Amino acid sequence: MTKQERLERDIAKLAEMKAHEDELRAAGYRYVAGIDEVGRGPLAGPVYAACVILPEDFDVPGVNDSKKLSAKRREELSDIIKERAVAWGIGIADNNEIDELNILEATKTAMKRAIAAVRDMLSERGLLHANAQSAESGNGAAKDILLIDAVKLDAGMPVESIIKGDEKCLCIAAASIVAKVARDSYMTEMDSVYPGYDFAGNKGYGTAKHYEGLRTLGKTPIHRKTFLRKFDENPETGHTKHDGAVSNDIAAGGDGSMAKKVYAVRKGRTTGIFMSWDDCKAQVDGFAGAEYKSFADPADAMAYLGLSSGAAASGAAASDGGEKLPEGVRAYVDGSFDAANGRFSCGVVMVMIDADGNSETSEFNAAFDDEEAAKQRNVAGEVMGSRLAIEYCLKNGINKVEIYHDYEGIGAWADRRWKANNPLTQGYRDFVAEARQNMEISFVKVKAHSGNKYNEIADKLAKEALSE
C-alpha cells in the first residue's frame, strides 16, 4: 500500500468514525464527549481515564483505538487532540483506591473525575452556560451526551454505550489515546523512582522482569496489594502452592516409559490431549487447581474431557461441531492475510452450549490495515480474532471462555510462555491480562485444517473479510 493510499484510507476511516457524532449534533446535542480508560489489568500504578470533546471540524486522520497505534504515533496524536479539543480531562484512581474499592469501581471513579475535569475546562473557557442542563430536562436547555465503551456509568447526563467504541467512535478513540499516553508517561517516571521493576517497559503489567523485581526488592508504594495475593502465597510462581504437582498414575511415566499413553488436561494453562508427559507437564506444573490424567485409550481421554472420540487430538482436542460438547462457551478463531495489499483479517465463531446440550452460535469477522502488525501475516489475524472473541465475552457478560486456535503463540503469548517482542503481541498479552481480571480465559491449540467444523468456518470467515 502506497503512502497516498494509506492517507486516503485514513481519511475515509475518519469520516466513518465521525458519522455518529455528527448525527448526535444534528439531533440537537451540544457537546458529544467520549470517555475511555486504561490500566485495569496491571499489578502496579493507577487506573487512568480520559474524557474528550472534539470540535465538529476535527480533521486529523489516523485517530484510532490506542492499542493499534505505535507509542510514537500515540504521543503525536495526544498532543494534537489536547490542542484542538473543545475540552479534555484526565481522571485517576490510585492503587490504594483500587485495593479499597475494586478495579471496576475505581475505574468508574477515575471516569467521573475525568468528566469533572472536562466540565472545569469548559467553565474556564466560558463554554458552559447557566441554563446548561442534561437532555432529560426537556425545557429547551442545551443537551450533552457521553459516549462510552461498555461500562455502565452514572455520569449525570445521557450516556450511550458503544461496543468496541474506541474503534468506531472518534471521541472515544481520542480519549483512549490521551489516557494511554498519560498513564504510560507516569509509569515511565515511576521507573526512575522505583528502579528494578521495568515499569518503563511493562507499564505495571506482570512481566517476568516485574515479578523478578518483586522477588528481589519487594513491593513498592504503588503496587496493588489485591492484585498480588497469588504472588504472596507463592512468590516463585505467582500461583497458590498445591500438593501433588504430579499425580501418581502419571509420575511413573516421567522418564518416557509410558510413551504409549496420552495425557488429558481438563484444567491447566492449555486444556486438551497431549501425546507426551513433557507436553502435559508444561500445562499443569505450578498451575493452581490443575486437573489432568493419563489414559491408555484415547477414547477414555476424550470422555474425561467431555468430548467424543471423533474430536481432533494432536497437541490438544476439540469437538468437530457435530458432536455434543459439554456446557460452556468456546471461541474458534483463525486469521488470513492478503499479500497483494498487506491487509490481514480474522474469523470468529462463538459456540454457546447450555446445560441440556443445546447450542447457539455467533459468527463475525473483521479486516485490518496495519502495516506494522501485517508483518505477522496470518498470525496477526488470529491474534485479533482472539481479542475480538474476548471482547465479545466481556460485552455480553460471559465470564468464562475457551479459545480454540491453531497457532501456538495465541495461547503462549497470553499465558506469558512466549516473549512478546512487538507492539501487536505485547498489546495482545496485556489485553488478555486485563481481561482476566473480569473473566476466566483458557486456550486450546488445535491442528490447522483438521476437519473441525467450527475451525473451518472461522477460516472461511477470515478469507471472506479480505474480499469485502
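Fair warning: this is a prediction, and the values are worked out from it, not measured in the lab.

A. The arrangement of unusual backbone geometry in detail. Positioned with a positive phi, Asn 102 is a non-glycine residue whose angle comes to about 95°. With respect to the helices and strands, Asn 102 occurs in the loop between α3 (95-101) and α4 (103-124). Of note in this structure, Asp 198 is not a glycine but carries a positive phi near 60°. Its location among the elements puts Asp 198 in the loop between α6 (170-193) and α7 (199-202). For Asp 198, a relative accessible area of 27% corresponds to the partly exposed category.

B. Main features of the sheet that holds strand β14 (residues 400-405). Spatially, β13-β12-β11-β14-β15 is the arrangement adopted by the five strands of the open sheet, whose pairing is mixed. Because the sheet does not close on itself, it has two edges, and the strands there are β13 (359-368) and β15 (440-445). When the angles between neighbouring strand axes are averaged without regard to direction, this sheet yields 20°. Summarising the sheet, strand β12 (residues 343-353) and β13 pair through 10 bridges and their orientation is antiparallel. Looking at the pairing, Val 348 lines up with Phe 364 of β13. Taken strand by strand, helix α16 (residues 453-467) contacts β11 (328-338), β12, β13 and β14, and its axis lies near 145° from that of β12.

C. Region of interest: the pairing of β12. β12 sits mainly inside the fold: 11 of its 11 residues count as buried. Side chains of β12 alternate between two faces, with Arg 343, Ser 345, Gly 347, Val 349, Val 351 and Ile 353 and Phe 344, Cys 346, Val 348, Met 350 and Met 352 buried alike. Relative to β12, β11 runs antiparallel, the two being bridged by 11 bridges. Looking at the pairing, Val 329 lines up with Met 352 of β12.

D. Focus on the packing of helix α1 (residues 3-26) against α6. Direction vectors running N to C along α1 and α6 enclose 110°, while the axes themselves pass 7 Å from each other. Between α1 and α6, the crossing angle belongs to the class labelled roughly perpendicular. The residues of α6 that touch α1, namely those facing Leu 14, Met 17, Lys 18 and Glu 21, are Leu 170, Cys 171 and Ala 173. For the contact of α1 with α6, the class distribution of residues is five nonpolar, no polar and two charged.

E. View of α16. Compared with the 21 Å implied by 1.5 Å per residue over 15 residues, the 22 Å span of α16 between its first and last C-alpha is a close match. Those residues of α16 lying buried are Tyr 454, Asn 455, Ala 458, Asp 459, Leu 461, Ala 462, Ala 465 and Leu 466. Considered in projection along α16, the buried side chains sweep an arc of 160° and stay on one side of the axis. Turned more than 90 degrees away from the buried face of α16 sit Lys 460 and Ser 467, all of them exposed.

F. Here's a closer look at the sheet that holds strand β1 (residues 29-38). Overall, mixed pairing links the five strands, which are arranged β3-β2-β1-β4-β5 in an open sheet. In this open sheet, the two edge strands, each paired with only one partner strand, are β3 (87-93) and β5 (159-161). Averaged over neighbouring strand pairs, the angle between their axes works out to 20° when direction is ignored. In the sheet, β1 pairs with strand β2 (residues 47-53) via six bridges, with the strands oriented antiparallel.

G. Geometry of the side chain of Glu 382. Take Glu 382: it is sitting in helix α13 (residues 378-395). Lacking a salt bridge, the buried Glu 382 has Lys 445 as its closest oppositely charged neighbour, with an N-O distance of 8.2 Å. A polar side-chain atom of Glu 382 sits 3.2 Å from the main-chain amide nitrogen of Tyr 407. The residues touching Glu 382, leaving out its near neighbours within four places in the chain, are Val 333, Asp 334, Gly 335, His 405, Asp 406, Tyr 407 and Ile 410.

H. Broad picture of the confidence of the model for the chain. Counting all residues, the mean pLDDT for the chain is 81, and 82% of those residues have values of 70 or more. Of all the helices and strands in the chain, helix α10 (residues 248-251) carries the lowest mean pLDDT, 30, while β2 carries the highest, 97. Confidence over residues 308-324 falls short of pLDDT 50; this stretch has 45 contacts with residues more than four positions distant or in other chains.

I. Molecular detail of the pattern of salt bridges. Counted under the stated rule, the structure contains 20 salt bridges. Among the ionic pairs, Arg 84 bridges to Asp 59, the shortest N-O distance being 2.9 Å. With Arg 84 in helix α2 (residues 71-84) and Asp 59 in the loop between β2 and α2, this pair connects stretches of sequence that are 25 residues apart. According to the relative accessible area criterion, Asp 59 is partly exposed, its value standing at 48%. One salt bridge connects Arg 417 with Glu 408, and the closest N-O pair in it is separated by 3.2 Å. Through salt bridges with shared partners, one network takes in Glu 21, Asp 22 and Arg 25.

J. Region of the structure containing the packing of α13 against helix α15 (residues 423-435). Look at α13 against α15: their axes get within 11 Å of each other, and the N-to-C directions meet at 20°. When the axis of α13 is compared with that of α15, the two are roughly parallel. α15 is crossed by α13, and the crossing has left-handed handedness. Along its contact with α13, which presents Ala 380, Val 383, Met 384, Ser 386, Arg 387, Ile 390, Glu 391 and Leu 394, the element α15 presents Leu 424, Gly 427, Tyr 428, Phe 431, Val 432 and Ala 435. Of the residues contributing to the contact of α13 with α15, the split by class is 10 nonpolar, two polar and two charged.

K. Expanded view of the nonpolar core. If you look at the biggest cluster of nonpolar residues, it comprises 37 residues, and the most contacted ones within it are Ile 35, Cys 51, Ile 115 and Leu 146. Elements that contribute at least two residues to this core include exactly β1, β2, β3, α4, β4 (143-148) and α6. Among the elements that line this core, the one with the most residues is α4, at nine residues. Residues contacting Ile 115, with those up to four places away along its chain left out, are Ile 35, Cys 51, Leu 146, Leu 153, Ala 155 and Met 157.

Cut-off values and rules
Every residue gets a number counted from 1 within its own chain, in the order that chain's sequence is written. Totals for whole chains, interfaces and linings use all residues, but because this is a predicted model, local features are given only for residues with pLDDT of at least 70 and pairs of side-chain atoms are given and counted only at 80 or more. Values shown for side chains rest on all heavy atoms present in the structure; no hydrogens or waters enter the calculation. Where helices and strands are cited, they refer to DSSP runs of H or I of at least four residues and of E of at least two residues respectively, numbered from the N terminus. Exposed residues in this analysis have more than 50% of their type's maximum accessible area, buried residues have under 20%, and partly exposed residues fall in between, with area computed by a 1.4 Å probe over protein chains only. When DSSP finds two or more bridges between a pair of strands, those strands are recorded as paired. Note on method: axes are straight lines fitted to C-alpha atoms, helices fitted across the in-contact stretch only, with angles between N-to-C directions ranging 0 to 180 degrees. Only heavy atoms matter for contacts: two residues are in contact if any of them lie within 4.5 Å across the pair. Our angle categories are set so that under 35 degrees counts as roughly parallel, over 145 as roughly antiparallel, 65 to 115 as roughly perpendicular, and the remainder as oblique. Here the nonpolar group is Ala, Val, Leu, Ile, Met, Phe, Trp, Tyr, Cys and Pro; Asp, Glu, Lys and Arg are the charged ones; every other residue, Gly included, is treated as polar. Helices are assigned an expected span. That span is 1.5 Å times one less than the residue count. Each direction from the helix axis to a C-beta atom contributes to the arc, which is the arc of those directions. Counting rule applied: Lys, Arg positive; Asp, Glu negative; His and chain ends not counted. Each salt bridge in this description consists of a side-chain nitrogen of Lys or Arg and a carboxyl oxygen of Asp or Glu lying within 4 Å of one another. In the analysis that follows, any N or O atom pair within 3.5 Å is treated as a polar contact, provided that within protein one partner can donate a hydrogen and the other can accept it, and provided that, for residues neighboring in sequence, both atoms belong to side chains. For every residue, the predictor reports its confidence as pLDDT, a number between 0 and 100. Two helices cross in a left-handed way if the nearer one is turned anticlockwise from the farther one by less than a right angle. They cross in a right-handed way if the turn is clockwise. Buried Ala, Val, Leu, Ile, Met, Phe, Trp, Tyr and Cys residues form a nonpolar core when they are joined through side-chain atoms within 4.5 Å.

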